[in-house]
Amino acid sequence: MLDDHTQVLDGTSVPAVNGTDPARDALLARSEARGEGAWMRRFREQAWAAAKAMPWPSLTDEAWRRTRLTGLDPDNFSYSPTHKGRVGEEALSPLLQGELNEMESAATLIFEDGLMRYRTGVAALEEQGIIFKPLDLATREHEELLREYFMTRVVPVETDVFTARHAALWDSGTLIHVPRNTRVELPLQIINWQGEGQAGHHHTLVVAEEGAEVTVMDDLLGARRGLQNSVIEIVQEPGSQVRYMHLQDLDMSAWNLMHGRAHLERDADLRWIQVSWGSMLTKAFLDLVLRGPGGHADLLGIYFPTGRQHIDHQTLQLHEAPHCFSDLLFNGALKDRARSVYMGSIRVTPEAQQTDAFQRNGNLLLDSSTRADSIPGLEIEANDVRCTHAATAAQVEDEYVFYLMARGLSRPQAERLIVQGFFQAVLERVPVESVVHKLEQVIERKIGG
Amino acid sequence: MSQLEIRDLHARVEGQDILRGVSITLRPGEIHAMMGRNGSGKSTLAYVIAGHPHYEVTEGDILLDGESILEMEPNERCQAGIFLAFQYPVSVPGVSVANFLRTAVSNVRGFTKEAHLASQEGGVVGSHLMPMRKFRRELTAKMKEFQVDSSFARRYLNEGFSGGEKKRTEVLQMAMLEPRFSILDESDSGLDIDALKVVADGINKLATEDRGFLLITHYQRILNYIKPDYVSIFHDGRIVMTGGPEVALELEEKGYNWVEEQFGPAELAA
């Protein structure tokens, strides 16, 4: 498969557009309209062919046993083909202006319906040699980088049918490349807004060279009755430090599929914050791969499904090198017929001695109509390791509520404090204060609604 | 005149009658000690006064300044000036003492009265909290006065606190909330003598002319440090004897078996 794939990347000829597959023709036409490098059309065409040959998840597939895609027809969404052009801040919707202004960032890219609408702060970064630009532009200006990293080694095209479709259909997307020993002080902010009924394929590729430091925030919004099928790839060269925050606050009617994976080389340090607020259904695969000794990775997740939302996270902590540390904590609150699934795996290969790997999943059930499944797993092939996993599910106890009410708090205030307290173990490890504040506001909204 | 009157109170939980006609009146400036065996229903009385939802009042009433509070939620009772210091305060992970207390104090002192309106109008909920600086200054002063280490402001409520730290934090909360009537449920239990002195000292500081106390205890020990105006003996869901401080001494001397001999064996314990 990889050989095929290499072939894709080597091709430079523009494929002939013919009428045998309208969906393929359309995606290639969009690629051309966006002005992407010609090689990318060949890449997309190959990926599309791969996707068509790949099976849909079956009911017996362990990853999909608890999360069914009944009713999802990925071809039944629209694409926004025309470029709307760049706009000034004042022309952005109030929602996007709010998102833009609530945190201090080094630079921001705002996408609407798969295309960049606004950007700020990028020029100053370029002076430092930092790349922060939309992927379509990058296919022309940074072809070498993309050929090396874009869906080749971290999340390969043929990981599953959704990643293959993503490779063919990606729209909004960002290339972030931070050169050796360069530090970006403030976060890089990506805001993605997706219109009603649309399919979106959001991509973020972060490459941190040796000793580089960067914080990235990905903000996913909109997608009413739409589909978002995203891929996040993080490449960390030795000694680099990445803080990545994925804030999924899609419309409650959206389908949301995600594949995120980070590769850490020697002494690399990662903290990944995964937030799942919105969507009707989410299936997110999140993998950490510790490939060099001394790597350190935190994967922290919070979710709060309400009103029939279904949120599924499947994580992998793969230790391939000795002396690495990974710590995973996913805390979720559930309310009003919501459902969550957490499947976690720690895998330690024989050479990964002196691994420390931890995994915890906590669930707080706000009422008895909710259900949280937690399925931890360990696969350890090395003998000198420290690995633990724990799963808890608790109800908001009357005794707690009574205690706080007896001190003058109203019932909603008491419940809110208990839920906020429950999320605190994750919130206190979110590296950006304004993001913590934003998350607290959503928690408040979720409890209230 | 301000008073908290418990009138012929009967209450049950899970089908079992626990309180069988309790009558007692608390007045400002008075400390009323209530002694009784474990299982006699003392804690139930405390919970029922505070409005615990698991207990059902089947007869009688609780009147604050002549008005029944039975229909009030626990937070409304607190805001009306009734405080319960818990025998076993629960720990609330992730919620700092300062954060929790600021909300509680703001409610009780009326800072949040308009919060609902604010949220309806799209304002920030919580903007009607007591101003942070003012709150901090007061909390710091009271923590010093009631011998609670200042680091506790940032610690999570009762999480990992020792028995003494929990009880002291209860007294601190009482000091911040400034209730008119306080029910102290075994605030002396599980404390060594030093911790007991600190807690008793805190209660004495708060026992001013405008406040009334119901001091529920199993042992006479705390009454060496806090001088009650009245002492009642609680037995089998009701008060069987009330008198001055000498009652406690008599009980200490003769033991609870004497109570049983006098008033019959407890049906509840069976």
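Draft legend 1. Focus on the interface of chain A and chain B. Each partner contributes to the interface: chain A provides 21 residues, whereas chain B provides 36 residues. Across the chain A/chain B interface, buried area totals approximately 2,200 Å², and carbon plus sulfur atoms make up 63% of it. Three residues, Phe402(A), Tyr403(A) and Arg407(A), lead the burial of chain A against chain B; their summed loss comes to 35% of the area buried on that side. Linking chain A with chain B are one salt bridge. The partner of Glu170(B) in a salt bridge is Arg407(A), with the nearest N and O atoms 2.7 Å apart. Between the two partners, chain A and chain B, sit 13 residue pairs in polar contact (both at pLDDT 80 or more).

Draft legend 2. How the structure looks around the nonpolar core. Leu404(A) and Leu45(B) are the most contacted members of the largest nonpolar core, which totals 119 residues. No other element matches the eight residues that helix α10 (residues 411-427) of chain A contributes to this core. Here this core spans two domains, since at least three of its residues come from each of domain 1 (4-89 + 163-263) and domain 2 (92-157) of chain B. In this structure, Leu404(A) is in contact with Leu409(A), Ala414(A), Leu417(A), Ile418(A), Val92(B), Phe100(B) and Leu157(B), ignoring residues within four places of it in sequence.

Draft legend 3. Region of interest: the confidence of the model for chain A. Across chain A, pLDDT averages 92, with 95% of residues at or above 70. Scored below 50 in pLDDT, residues 1-17 of chain A shows 27 contacts in the model against residues more than four places distant or in partner chains.

Draft legend 4. Here's a closer look at the confidence of the model for chain B. Residue and element names in this part refer to chain B. Residues of chain B with pLDDT of at least 70 account for 93%, and the chain-wide mean is 90. Overall, residues 117-127 carries pLDDT values under 50, and its contacts beyond four positions in sequence, including any with other chains, amount to five contacts. Across the interface, the model reports ipTM at 0.93; the global pTM reads 0.83.

Draft legend 5. Up close: the domain arrangement of chain B. All names here are of chain B. Domains assigned within chain B are domain 1 (4-89 + 163-263) and domain 2 (92-157). Using C-alpha coordinates to define each centre, domain 1 is positioned 27 Å away from domain 2. At the interface, 17 residues of domain 1 touch 19 residues of domain 2. Around 1,600 Å² of area is buried between domain 1 and domain 2 when both sides are counted, 69% of it from carbon and sulfur atoms. Seen at the junction of domain 1 and domain 2, the total is two salt bridges. Among the ionic pairs, Arg109 bridges to Glu178, the shortest N-O distance being 3.8 Å. Inspection of the domain 1/domain 2 interface yields four residue pairs in polar contact (both at pLDDT 80 or more).

Draft legend 6. Just the pairing of strand β12 (residues 269-276) of chain A, in detail. All names here are of chain A. For β12, the tally of buried residues reaches six of eight residues, placing the bulk of the element in the interior. Pairing of strand β10 (residues 241-250) with β12 involves eight bridges; the strand directions are parallel. Bridge assignment links Val242 to a residue of β12, and that residue is Leu270. Bridge analysis of β12 against strand β14 (residues 296-303) gives eight bridges, and the strand direction is parallel. Within β14, the position partnered with Leu270 by the bridge is Ala297.

About the thresholds
- Residues numbered from 1 in each chain as written.
- Chains lettered and ligands numbered in written order.
- Predicted model: local features only at pLDDT ≥ 70, side-chain atom pairs only at ≥ 80, totals over all residues.
- Heavy atoms only, no water.
- Contact = heavy atoms within 4.5 Å.
- Buried area = accessible area lost by both parts, 1.4 Å probe.
- Salt bridge = Lys/Arg side-chain N within 4 Å of Asp/Glu carboxyl O.
- Polar contact = N/O pair within 3.5 Å; in protein donor to acceptor, adjacent residues only side chain to side chain.
- Core = buried A, V, L, I, M, F, W, Y, C linked by side-chain atoms within 4.5 Å.
- Buried < 20%, exposed > 50% of the residue type's maximum accessible area, 1.4 Å probe, protein only.
- Helix = DSSP H or I, 4+ residues; strand = E, 2+ residues; numbered from the N terminus.
- Domains from an automatic or database assignment.
- pLDDT = per-residue confidence, 0-100.
- Pairing = 2+ DSSP bridges.

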